[in-house]
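# Understanding the architecture of this molecule
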Amino acid sequence: MSNTLSIIRNGRLVDGRNFNGDSLNILIENDTILEIVSPHTPIPKMATVIDAKDALILPGLINAHTHGDVSLAKGLGDRWSLELLLNASPLTSENFRLQDKSLAARLAAVEMVLYGCTACYDLFSDFPYPTLQSLEAVGEAYREVGIRAIIAPLMADRTFWTAVPGMIDTLPKDLRQKILDMNETPGDLVIDSVRDAIRNWPHAKDSIYLGLAPTIPYHCEASFFMSCRKLADEFGVRIHSHLAESKLQAVVGEKLFGCSLTEYLDGLGIVSSDFTAAHCVWLNQSDIQRLADRGAHVAHNPTSNLRLGTGVAKTREMLKAGVNVGIGTDASTCSDALNMFEAMRMAAYVSRIHQPDPEYWLSAEDVLLMATEGSAKTLGLENHIGRIAPNYKADLVFIDTSAIQYIPLNNPVRQVVFQENGSGVKDVMVGGKFVVRNRQINGVDYDDLRSQVSESITRIREASTSQESMVSDLAPLVNHFCVGLSRTKLPINRYIES
Ligand SMILES: [Zn+2]
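Notes on the structure follow. Because the structure is a prediction, the values reported are computed rather than measured.

## Topic: the overall build of the protein chain
Broken down by element type, the protein chain carries 17 helices and 21 strands. Taken over the C-alpha trace, the protein chain has a radius of gyration of 22 Å; the compact-globule value for 498 residues is 23 Å, and the two agree within 12%. Principal-axis analysis of the C-alpha atoms gives the protein chain an extent of 75 × 50 × 45 Å. Of all 498 residues assigned to the protein chain, the portion counted as buried reaches 59%. Long-range pairs, those at least 24 residues apart, make up 78% of the contacts in the protein chain between residues at least 6 apart in sequence. Of the accessible surface of the protein chain, which amounts to about 19800 Å², a share of 48% is contributed by carbon and sulfur atoms.

Here is the structure:
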């Protein structure tokens, strides 16, 4: 194959490290940035010229934590705690056919890329348990849209209702029976099926990889977690888990294990440089140090943490300790838009509530670095994506400076972080190819996607009446139990209370 050269001219580069609106040309060979050169450097003869007049050019944003499987469930809940969200999971999983899973992934990928996201870590729930066939369909959806992804199937060998100690015993007999009838999938079956998917995974050539997402520490037996660690070591895949997301989780961890969840997972050998912990709201100082010492990563999801009322993660403490922190949107059911600009702005804002000293707060540069280089590290792809630099993939976002948020354009990096809402994203390039051009997605017929989603959601709703009544019968009981348990005092000085 002969090499293709292209050059992006007249754009102004913005990142959290080197550029704040600098006018420079980007020379691209095939899918990779070859050089960043002065606008006066002669243009190579064979190069295709891409004019980026009136554009700010950012590294593609990287979503460190999302769940593509629930993109069909937008608007499903309002005053949901994390526990009420988990209680509603039958509505977003049980009546999904293969084509619904693939459609949900496509919808999520389209939404992300229209908002300038070029890679994500998708913790996809593949009910009743992950299989090669459906993960392959999810991977194919990402390939069609044209963004990079780690697809980490959510895994567990317990259900939410049986995992929270004592909760099931407080439920009336008929509801208890319905839950027990749901069948927890045997851990060995889950692990074997995921091993099969990893062995036969066809999408790595398209930068779509598999990962492992044992979902929540006490939703999995210790032996299940250890099997995940073995799989990760055997195949070099990454692990991602929700860690100390809500106060209830921290309380349950103390109750079951007599220590923090971080300490517990570390004891099982999970916490390592291939491990990403999502949320991390309820950590103590030694948990943070432990994550730093092991070279583990945090996926910070500020919009989700606010929406579900779980708290605010101490990102400055994490960065100070040397923990790598990326930024995620989380899912359509808990933080609504899969919009990294919203997540960045929220990350900057919520960092300001813990301390009056602005030195402690996250700056625009801090959060842009977290959403690019930081998130790239959570995916283990930091040598390939997340920067505008030679030898990095040409994953770039072109922002239209004629959008209202840039009039006037005083400080590009600050305006991108504090004012951009995604509406300024005009073009998006992944690996040197435009996947979004003039706000239109290239790989997917948008109108066809809309009509498929409409058909699919109508069918799923019709099929879910018994799940709906079970979820609504359970909700007040689950809420009462979980709120009560959440009021348990955590060991003094072990946790940094907000
Ligand atoms: Zn999550």
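That shown, we press on.
## Some remarks on the sheet that holds strand 19 (residues 425-430)
By definition, the strands of a sheet pair up through backbone hydrogen bonds, in either a parallel or an antiparallel sense. In space, the seven strands of this open sheet follow the order 3-2-7-18-19-20-21, with mixed pairing throughout. Two strands lie at the open edges of the sheet, namely strand 3 (20-23) and strand 21 (440-441), each paired on one side alone. One ladder, built from two bridges, connects strand 20 (residues 433-437) with strand 21; its direction is antiparallel. Looking across to strand 21, one finds that Arg-437 is bridged to Gln-440. Contacts between helix 2 (residues 98-114) and the sheet are confined to strand 19, strand 20 and strand 21, with strand 20 contributing the most and set at about 90° to the helix.

## Here we look at the layout of surface pockets
Approximately 980 Å³ is the volume attributed to the largest pocket. Surrounding the largest pocket, 42 residues form its lining, Ser-89, Ser-93, Ser-125, Phe-127 and Leu-154 being those nearest its centre. At the level of elements, helix 1 (82-87), strand 11 (154-155) and helix 4 (160-163) are the ones that each hand at least two residues to the lining of the largest pocket. The element best represented in the lining of the largest pocket is helix 1, accounting for three residues. Looking at the lining of the largest pocket residue by residue, the classes come out as 22 nonpolar, 12 polar and eight charged. Each pocket or cavity is described by its volume, and for the second largest pocket that value is around 610 Å³. Around the second largest pocket, the lining is made up of 27 residues, and of these Asp-31, Val-430, Gly-431, Gly-432 and Lys-433 lie nearest the centre. Those elements giving two or more residues to the lining of the second largest pocket turn out to be strand 1 (5-9), strand 6 (48-51), helix 3 (132-145) and strand 20. Considered class by class, the residues forming the lining of the second largest pocket number nine nonpolar, 10 polar and eight charged.

## Remarks on a negative patch on the surface
Among the surface-exposed residues, Asp-445, Asp-447, Asp-448 and Glu-455 lie close enough to one another that they form a single negatively charged patch. Looking at the secondary structure, you find Glu-455 in helix 16 (residues 446-463). Residue class for Glu-455 comes out exposed when judged on its relative accessible area of 60%.

## Some points on helix 8 (residues 247-257)
In terms of burial, helix 8 is largely enclosed, as eight of its 11 residues are buried. Taken together, the buried positions of helix 8 are occupied by Lys-247, Leu-248, Gln-249, Ala-250, Val-251, Val-252, Gly-253 and Glu-254. Buried positions along helix 8 lie against helix 1, strand 14 (239-243), helix 9 (261-267) and helix 17 (465-486). Following helix 8 by one or two positions, Gly-258 adopts a phi angle in the positive range, close to 70°.

## Observations regarding the coordination of the zinc ion
Within the protein, the zinc ion binds to His-65 (NE2), His-67 (NE2) and His-242 (NE2); these donor distances fall in the range 2.0 to 2.1 Å. On the primary sequence, the residues serving as donors to the zinc ion are separated as H-x1-H-x174-H. You'll find His-65 and His-67 in the same group, each marked buried.

## A short note on the nonpolar core
Judged by nonpolar contacts, the single largest core of 136 residues is most densely connected at Tyr-142, Ile-151 and Leu-212. No other element matches the nine residues that helix 2 contributes to this core. Ile-8, Ile-28, Ala-394 and Phe-398 belong to the second largest nonpolar core, which has 17 residues in total.

Each value, and the rule that gives it
Residues numbered from 1 in each chain as written. Predicted model: local features only at pLDDT ≥ 70, side-chain atom pairs only at ≥ 80, totals over all residues. Heavy atoms only, no water. Helix = DSSP H or I, 4+ residues; strand = E, 2+ residues; numbered from the N terminus. Rg over C-alpha atoms; globule rule 2.2 N^0.38 Å. Buried < 20%, exposed > 50% of the residue type's maximum accessible area, 1.4 Å probe, protein only. Contact = heavy atoms within 4.5 Å. Areas by Shrake-Rupley, 256 points an atom, 1.4 Å probe, with all protein chains shown as cover. Pairing = 2+ DSSP bridges. Axes fitted to C-alpha atoms, helices over the stretch in contact; angles between N-to-C directions. 1 Å grid on protein atoms, 1.4 Å probe; cavity = no way out; pocket = protein on both sides within 12 Å on 5 of 7 lines; lining within 4 Å. Points joined across faces, edges and corners; volume = space filled by probe spheres on them. Nonpolar A, V, L, I, M, F, W, Y, C, P; charged D, E, K, R; others polar. Patch = residues over 30% accessible without salt bridge, like charges linked within 9 Å, V, L, I, M, F, W, Y side chains within 5 Å. Salt bridge = Lys/Arg side-chain N within 4 Å of Asp/Glu carboxyl O. Lys, Arg positive; Asp, Glu negative; His and termini not counted. Charge placed at Lys NZ, Arg CZ, Asp CG, Glu CD. Donors = N, O, S within 2.8 Å, 3.2 Å for Na, K, Ca; no water. Core = buried A, V, L, I, M, F, W, Y, C linked by side-chain atoms within 4.5 Å.

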